[in-house]
Amino acid sequence: MLHKFPISKLTLALLTLPLASLTHAAGLDRSGQDVSAFLQDGTYAEAVYTYVDADVSGVDNSGNKTGDIAEGYDFFRYGVKTDVNDRFSVGVLYDEPWGASAKYRGDNNFTGVANMTGAGAIQKIAQQAIANTENKIETVQGLQSSQNPQGLDAVVYNTALAGLNSTLDSYKELAAAPSLEKYNGIINQTNETLTNTEATLGAIGQSLSPEVLATAQQLLQSNKSDAATSENARDAVANLLSIDGATNVEVRSNNLSVIGGAKFGANNEFQVYGGPVAQRLKADVRLKGDAYKQAAGYTAHISPDIDYGYLIGVSYSKPEIALKAALTYRSEIEHSLTVAESFPALAIVGQNPEAFSNFKVKTPDSFNFDFQTGINPTTLATAKIRYVPWSDFSIVPPLYNKASNLPLVNYSDDQWQVELGLGKRLADNLAVSGSVGWDSGAGDPTSSLGPIEGYYSVGLGAKYDLTKNWAVSAGGKYLWFGDAKGSLPSREVVSNFKDNDGYIVGVKLSYQDK
């Protein structure tokens, strides 16, 4: 006959909160993908509410404060399971595994109009115009030398060269001190000159030699084409310099897991379990300010998509010492997403800055190991380990990738999480617990949209039995975040974040009938 430790009431106290997950702690990990509800005895149901708040602030490369970029967020977890008989169990779990919520504040390189980026774009346009105008001057001088024009023909050549040299000087001034006002001035002067030149050629054309007239008309058409291109580029720069606001990102996901389990062994101490997982994913991204350079003003709206994966696991229990161990694997889930993108800087080089397209994102697979054992009749020890290979994950929207040849988001390292806990039953209907945790993060430098490099945590929880079947649990965790450098997808460091922290609080209502 088996004799159980009378400490089963401790288990839920230790599991008051999910596996110490926090958005940006590593990659997009949020809920920890806990399956403990399915591993409870008998018929069991739970509803968990979690709220996360963090202070994540730093400075950009210019020393400007970023403000607290971490948006507080909450999420829910639900679970229900029942034993069909002594061997078979079924259950359904809901959680929100992946997510991000961040917004920059204040006056820094991640907010406001990208003035430096706009000035850089104007400077690049001016440099291209200088090279183009110098080529035209060289061509006209060559034709002048070969044709050796006289009289009015010579006047036409000299006038054309004087105009080109004047344009060259204007663009050199613009390159040295780029501004939209100067750029507008050059365009207005160019258009006026083109209008006057066309009228003049119409009036004196019959007095010119055929060769000189043909050359003049070709040069006029070339200048008209260049002027139209310059106006389009000017309009694109003006649009870029009109984009205000702050960098922010919002990623949301929802998981529904349907699980079946079968026990085996002499005392049903082993169990294998698994089932399909439906996952919904959506996101919005806005990049603002000079930190993002040519990507300033970029936006992406990723419409919700539902795709499917699976989970499998194996568990072992030894009730006489309150021992339970479980290893759970969740598969990758490949989403076929629709995204509406805007990359304003593309219009400066004459490309379409808007795109509505499809692309794929694979949310990562993961491994969770959960362990508990009784130490004495009133004390329970627990351990949790989680691994997520974030180095295999990336988000690559088509237009962003076309413009930059880079992913929008990726990570350099994989994530490890470890949490150790201890629970104590104080009375028949009251238990308390404490925990310490560590998260490795997913690499440093890390994304500027989530500049945290892991954390250390401490937590406290309590469970109170309302009746024989109903219980309420509550708890909290305090987190010390690792210092991190925020970077662009190119790995260029654009910010520095130090000495940040946060907290998690949660409450759970549970029902159990063994």
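So, how was this worked out
Residues numbered from 1 in each chain as written. Predicted model: local features only at pLDDT ≥ 70, side-chain atom pairs only at ≥ 80, totals over all residues. Heavy atoms only, no water. Pairing = 2+ DSSP bridges. Helix = DSSP H or I, 4+ residues; strand = E, 2+ residues; numbered from the N terminus. Salt bridge = Lys/Arg side-chain N within 4 Å of Asp/Glu carboxyl O. Buried < 20%, exposed > 50% of the residue type's maximum accessible area, 1.4 Å probe, protein only. Expected span 1.5 Å × (residues − 1). Contact = heavy atoms within 4.5 Å. Core = buried A, V, L, I, M, F, W, Y, C linked by side-chain atoms within 4.5 Å. pLDDT = per-residue confidence, 0-100. Lys, Arg positive; Asp, Glu negative; His and termini not counted. Polar contact = N/O pair within 3.5 Å; in protein donor to acceptor, adjacent residues only side chain to side chain. Phe/Tyr/Trp six-rings, centres within 6.5 Å; stacked < 30°, edge-to-face > 60°. Lys NZ or Arg CZ within 6 Å of the ring centre and 35° of its normal.

Enquirer: Any chance you could break down the pairing of strand 7 (residues 270-286) for me, citing the residues and the numbers?
Expert: Relative to strand 7, strand 6 (residues 248-264) runs antiparallel, the two sharing 15 bridges. Its bridge partner lying in strand 7, N255 is registered against Q279. In sequence, strand 6 turns back onto strand 7 through a hairpin of 5 residues, with G265 there showing a positive phi of about 105 degrees.

Enquirer: Now, about the pattern of salt bridges: what can you tell me, with residues and values included?
Expert: Between side chains of opposite charge, pairing is possible as soon as their charged atoms come close. Tallied over the entire structure, the rule returns 18 salt bridges. Taking the shortest distance from any N to any O, the salt bridge between E46 and K508 comes out at 3.4 Å. With E46 in strand 1 (residues 43-55) and K508 in strand 23 (residues 501-513), this pair connects stretches of sequence that are 462 residues apart. On the basis of relative accessibility, which here comes to 1%, the residue K508 falls in the buried class. Of the charged contacts, one joins R252 and E250 as a salt bridge, the two residues approaching to 3.4 Å between their closest N and O atoms. Of the residues examined, R252 reaches a relative accessible area of 25% and is grouped as partly exposed. Each of the salt bridges in this network shares a partner with another, and the network as a whole consists of D34, E46, R77, D370, K384 and K508.

Enquirer: Tell me what's going on with helix 5 (residues 210-240), and back it up with residues and numbers.
Expert: Between its first and last C-alpha atoms helix 5 spans 45 Å; for 31 residues at 1.5 Å apiece the expected length is 45 Å, and the two agree. For helix 5, the complete set of buried residues consists of V212, T215, A216, L219, L220, A227, S230, A233, R234, A236, V237 and L240. Where the residues of helix 5 are buried, they touch helix 2 (115-147), helix 3 (151-176) and helix 4 (180-204).

Enquirer: Pulling in residues and values, what's your account of the nonpolar core?
Expert: Within soluble globular proteins, side chains that are nonpolar generally end up buried alongside one another. One finds L28, V56, L287, Y292, F343 and W390 to be the most contacted residues of the largest nonpolar core, which totals 52 residues. With 3 residues, the top contributor of residues to this core is strand 7. Among residues more than four places away in sequence, those in contact with L28 are P97, W98, G99, A100, V251, W390, F393 and Y411. A114, I125, I137 and I186 belong to the second-largest nonpolar core, a separate cluster that totals 34 residues.

Enquirer: I'd like to hear about unusual backbone geometry, residue by residue, with values.
Expert: In this structure, the amide linkage connecting D444 to the following residue, P445, adopts the cis form with an omega of 5 degrees. Its location among the elements puts P445 in the loop between strand 17 (430-439) and strand 18 (446-447). With phi around 55 degrees, Q33 is a residue other than glycine that occupies positive phi space. Structurally, Q33 can be placed in the loop between helix 1 (9-14) and strand 1. Among the residues examined, Q33 registers a relative accessible area of 3% and is labelled buried.

Enquirer: Please give an account of the confidence of the model for the chain that cites residues and values.
Expert: For the chain, mean pLDDT is 90; residues scoring 70 or higher make up 95% of the total. The model gives residues 7-24 a pLDDT under 50, and that stretch makes 103 contacts with residues more than four places away or in other chains.

Enquirer: So what's going on with the environment of A233? Which residues, and what values?
Expert: Here A233 is to be found in helix 5. For the pair A233 and P97, spaced 136 residues apart in sequence, the C-alpha to C-alpha distance is 43 Å. Ignoring any residue separated from it by four or fewer positions in sequence, one finds A233 in contact with I125, Y183 and I348.

Enquirer: Could you give me a rundown of the side chain of D365, with the residues and numbers involved?
Expert: The residue D365 is located in the loop between strand 11 (354-363) and strand 12 (366-376) in this model. There is no salt bridge for the buried D365, and the closest opposite charge comes from R386, which lies 9.3 Å off by N-O distance. Within the structure, D365 has its side chain in polar contact with the side chain of Y329 (distance 3.1 Å). Beyond its immediate stretch of four places on either side in the chain, D365 contacts Y329, R330, S331, E332, Y387, V388 and P389.

Enquirer: Describe the sheet that holds strand 22 (residues 493-497), and please don't skip the residues or the numbers.
Expert: Taken together, the 4 strands give an open sheet; going across it, the order is 2-22-21-18, and neighbouring strands pair in mixed fashion. The outermost strands of the open sheet, each flanked by one partner alone, are strand 2 (58-60) and strand 18.

Enquirer: Got a sec to walk through the packing of aromatic side chains? Specific residues and values, please.
Expert: On inspection of all chains with the given rule, the structure shows 22 aromatic pairs. Between F393 and Y411, the ring centres sit 6.3 Å apart and the planes meet at 25 degrees, which makes this aromatic pair stacked. On the criterion of sequence distance, the pair formed by F393 in the loop between strand 13 (379-388) and strand 14 (394-395) and Y411 in the loop between strand 15 (409-410) and strand 16 (415-427) is long-range, its members being 18 residues apart. Here a set of aromatic residues connected by ring pairs shows up, and it is made of Y49, F76, Y78 and Y94. In this structure, R30 is placed above the aromatic ring of Y73, and the distance from its NZ or CZ to the ring centre is 3.6 Å.

Enquirer: Summarise the pairing of strand 6; cite the residues concerned and give the values.
Expert: The sheet contact formed by strand 4 (residues 88-95) and strand 6 spans 8 bridges and is antiparallel. Counterpart to G91 in the pairing with strand 6 is I259. Pairing analysis gives 4 bridges linking strand 5 (residues 100-103) to strand 6, with the strands arranged antiparallel. Counted as the bridge partner of S101 is E250 from strand 6.

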